[in-house]
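Residue-level structural notes
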Amino acid sequence: DVKVTQSSRYLVKRTGEKVFLECVQDMDHENMFWYRQDPGLGLRLIYFSYDVKMKEKGDIPEGYSVSREKKERFSLILESASTNQTSMYLCASSFPSGGGDTQYFGPGTRLTVL
Amino acid sequence: DQQVKQNSPSLSVQEGRISILNCDYTNSMFDYFLWYKKYPAEGPTFLISISSIKDKNEDGRFTVFLNKSAKHLSLHIVPSQPGDSAVYFCAAGLLNTGFQKLVFGTGTRLLVSP
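Residues numbered from 1 in each chain as written. Chains lettered and ligands numbered in written order. Predicted model: local features only at pLDDT ≥ 70, side-chain atom pairs only at ≥ 80, totals over all residues. Heavy atoms only, no water.

As a further point, take the side chain of B:Ser74. Checked against the element boundaries, B:Ser74 lands in strand 8 (residues 72-77). With near-sequence residues (within four places) excluded, B:Ser74 lies in contact with B:Ile20, B:Leu21, B:Asn22, B:Trp35, B:Thr63, B:Val64 and B:Phe65. (Helix = DSSP H or I, 4+ residues; strand = E, 2+ residues; numbered from the N terminus. Contact = heavy atoms within 4.5 Å.)

A few words on a nonpolar patch on the surface. Taken together, the side chains of B:Ile18, B:Ile20 and B:Val78 define a hydrophobic patch exposed on the protein surface, amounting to about 230 Å² of accessible area. Note that B:Val78 resides in the loop between strand 8 and strand 9 (86-93). (Patch = residues over 30% accessible without salt bridge, like charges linked within 9 Å, V, L, I, M, F, W, Y side chains within 5 Å. Areas by Shrake-Rupley, 256 points an atom, 1.4 Å probe, with all protein chains shown as cover. Salt bridge = Lys/Arg side-chain N within 4 Å of Asp/Glu carboxyl O.)

Turning to the pattern of salt bridges, a few remarks are in order. Residue and element names in this part refer to chain A. Tallied over the full model, the rule gives nine salt bridges over all chains. In this structure, lysine 71 and glutamate 30 form a salt bridge, with 3.2 Å as the shortest nitrogen-oxygen distance. Here lysine 71, found in the loop between strand 7 (64-70) and strand 8 (73-78), pairs with glutamate 30, found in the loop between strand 3 (19-25) and strand 4 (31-38); they are 41 residues apart in sequence, far enough to count as distant. Using a relative accessible area of 23% as the deciding quantity, one classes lysine 71 as partly exposed. (Buried < 20%, exposed > 50% of the residue type's maximum accessible area, 1.4 Å probe, protein only.)

Attention now moves to the interface of chain B and chain A. Between chain B and chain A, the residue contacts involve 18 residues of the former and 24 residues of the latter. Summing both partners gives a buried area of about 1700 Å² for chain B against chain A, and 62% of it is carried by carbon and sulfur. At the junction of chain B and chain A, the tally comes to zero salt bridges. There are three residue pairs in polar contact (both at pLDDT 80 or more) connecting chain B and chain A. No other element matches strand 4 (residues 32-38) of chain B, which puts four residues into the side of chain B that touches chain A. In the side of chain B that touches chain A, the residues fall into 11 nonpolar, four polar and three charged. (Buried area = accessible area lost by both parts, 1.4 Å probe. Polar contact = N/O pair within 3.5 Å; in protein donor to acceptor, adjacent residues only side chain to side chain. Nonpolar A, V, L, I, M, F, W, Y, C, P; charged D, E, K, R; others polar.)

Our next topic: unusual backbone geometry. Between B:Val78 and B:Pro79 the backbone carries a cis peptide bond, its omega angle lying at -10°. Inspection of the secondary structure assignment puts B:Pro79 in the loop between strand 8 and strand 9. For A:Asp28, which is not glycine, the phi dihedral falls at a positive 60°. For A:Asp28, the location among the structural elements is in the loop between strand 3 and strand 4. One non-glycine residue, A:Lys53, lies in the positive phi region at around 65°. Mapped onto the elements, A:Lys53 comes out in the loop between strand 5 (42-49) and strand 6 (56-57).

The next subject is the layout of surface pockets. Here the largest pocket defines a volume of roughly 340 Å³. As for the largest pocket, its lining consists of 19 residues, of which A:Gln37, A:Pro39, B:Val87, B:Phe89 and B:Arg109 are closest to the centre. When contributions to the lining of the largest pocket are tallied by element, the ones reaching two or more residues are strand 4 of chain A together with strand 9 and strand 11 (108-113) of chain B. In terms of residue class, the lining of the largest pocket is built from nine nonpolar, six polar and four charged. (1 Å grid on protein atoms, 1.4 Å probe; cavity = no way out; pocket = protein on both sides within 12 Å on 5 of 7 lines; lining within 4 Å. Points joined across faces, edges and corners; volume = space filled by probe spheres on them.)

Further remarks concern the pairing of strand 8 of chain A. Residues and elements named next belong to chain A. The buried fraction of strand 8 amounts to five of the six residues, a majority that puts the element mostly inside the structure. The sheet contact formed by strand 3 and strand 8 spans six bridges and is antiparallel. Of the residues in strand 8, the one forming a bridge with valine 24 is arginine 73. In this structure, strand 7 lies alongside strand 8, joined through five bridges in antiparallel fashion. From the neighbouring strand, serine 65 faces strand 8, where its bridge partner is isoleucine 77. Where strand 7 folds back onto strand 8 in an antiparallel hairpin, the turn is made up of two residues. (Pairing = 2+ DSSP bridges.)

This paragraph deals with the sheet that holds strand 8 of chain A. Strands pair in a sheet through their backbones, by hydrogen bonds, and they do so in one of two ways: parallel or antiparallel. Residues and elements named next belong to chain A. Reading across the sheet, the four strands line up as 1-3-8-7 and stay open at both edges, with antiparallel pairing between neighbours. Edge positions in the sheet fall to strand 1 (4-6) and strand 7, since each of these pairs with one other strand and no more. Mean inter-strand twist for the sheet, computed between neighbouring axes without regard to direction, equals 20°. (Axes fitted to C-alpha atoms, helices over the stretch in contact; angles between N-to-C directions.)

Written out as structure tokens, the structure is:
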């Protein structure tokens, strides 16, 4: 079974703090993704990575950065947290295949910025 | 601009009956579609997928139908069970890009009552 783990299930931070969200997958997947989920907006892609040290902006990258130093680990960084970044953050990974990639998700981190 | 739309935010069905969840997309280039199921406080889990060369795919109680001309897909669950109560997301992707980035809908909350 694919396992995607996220460092925290719940996190509370203050405005202006630097926040690190970590994601680890154990299936040697090439691709990794960070989404945020908000009511009425579904899952929106923040950043993704298709290889170590490679990253691409998703649909809503503003206010975020990412790091992928090892294949199994993909970190999301909020440089200066703001209240509008309060959300559920979901990490996913996939292995590229010709038949279509299925993304496997972690349990999510519920981040509250006060 | 929402490329993948789920116009029904919620659906209530009685146990044993059919649940039909709908999804519309605007980008005719999408050629791969997936449904994910999400329970509260958990990450989405893959349910079923379909590529554009097919119009139907079945897996047990779950069937996905694709109508390319209408840019519409639907998920049928027969018979519905209380454990199916969850939020369902449809997603669309492009197989021929070489990289599987998915666009998700906003989700439909299904409630199956005993």
